[in-house]
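Examination of the molecular architecture
One-letter residues, chain by chain:
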Amino acid sequence: MGTSTENGTNAAKEFVAERLNADFAGTGLQQVEIREVAAWTGTPGDDLILIAGGHEFPLELGQGGAEQACAYAAYQLQSDAMGELNRPWPEVITSTGESAGVLIAPSETAGVAIWELSGRPFCAIGHLHRAVEAAGLRIK
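The rules behind these values
Residues numbered from 1 in each chain as written. Predicted model: local features only at pLDDT ≥ 70, side-chain atom pairs only at ≥ 80, totals over all residues. Heavy atoms only, no water. Helix = DSSP H or I, 4+ residues; strand = E, 2+ residues; numbered from the N terminus. Buried < 20%, exposed > 50% of the residue type's maximum accessible area, 1.4 Å probe, protein only. Contact = heavy atoms within 4.5 Å. Core = buried A, V, L, I, M, F, W, Y, C linked by side-chain atoms within 4.5 Å. Polar contact = N/O pair within 3.5 Å; in protein donor to acceptor, adjacent residues only side chain to side chain.

**Overview of the overall build of the protein chain**
Along its length, the protein chain carries three helices and eight strands. For the protein chain, the N- to C-terminal ordering of α and β elements is α-β-β-β-α-β-β-β-β-α-β. Among the 140 residues that make up the protein chain, the fraction classed as buried is 36%. Within the protein chain, contacts between residues separated by at least 24 positions form 47% of all contacts whose residues are at least 6 apart in sequence.

Structure (structure tokens):
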């Protein structure tokens, strides 16, 4: 049985991965995995690495918590998705096909990790597809 710190870290890793996988579904990116790789700093628990296909980067859950980790990861993965699709993503369009803009995942957050549209909060990371649908829009 793990310690409460280990259990909390595992829950945070799952929480972040589930939110990212929900939003980046359909972009061509592979499922997100978050692993502990002690070789990065040599300190167990401090070396969380997000892996999505060939892209790997460290993910900090300690200082900013799961929300900051989610914001930073979405910011990184948004660039990967745009590279995979060769266009801005996620661009939302109206029912008539007009662009409503491209959502942006800010790399830092003081609260809940969000997608922004035209500099204003649009939805929490993890709810992208349902929020777009609820707004009467679709992702191009």
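The rest of the description comes next.
**A closer look at the nonpolar core**
Counting residues in each nonpolar core, the largest one holds 34 residues, and the members touching the most others are Val16, Leu20, Leu50 and Trp115. Those elements that place two or more of their residues in this core are helix H1 (4–24), strand S2 (48–52), helix H2 (65–85), strand S6 (114–117) and helix H3 (128–134). Among the elements that make up this core, the one with the highest residue count is H2 (eight residues).

**Description of the side chain of Glu91**
Residue placement: Glu91 occurs in strand S4 (residues 91–93). Engagement of the side chain of Glu91 in a polar contact is seen with the side chain of Ser99, the distance being 2.7 Å. Aside from chain neighbours lying at most four places away, what touches Glu91 is Ser99, Gly101, Val102, Arg138, Ile139 and Lys140.

**So, unusual backbone geometry**
In this structure, the amide linkage connecting Trp89 to the following residue, Pro90, adopts the cis form with an omega of -5°. Within the chain, Asn86 stands out as a residue other than glycine whose phi angle is a positive 60°. Position of Asn86 relative to the elements: it lies in the loop between H2 and S4. Positive phi values are uncommon outside glycine, yet Ser118 reaches one of about 55°. Its location among the elements puts Ser118 in the loop between S6 and strand S7 (120–124). Residue Ser118 is classed as exposed on the basis of its relative accessible area of 65%.

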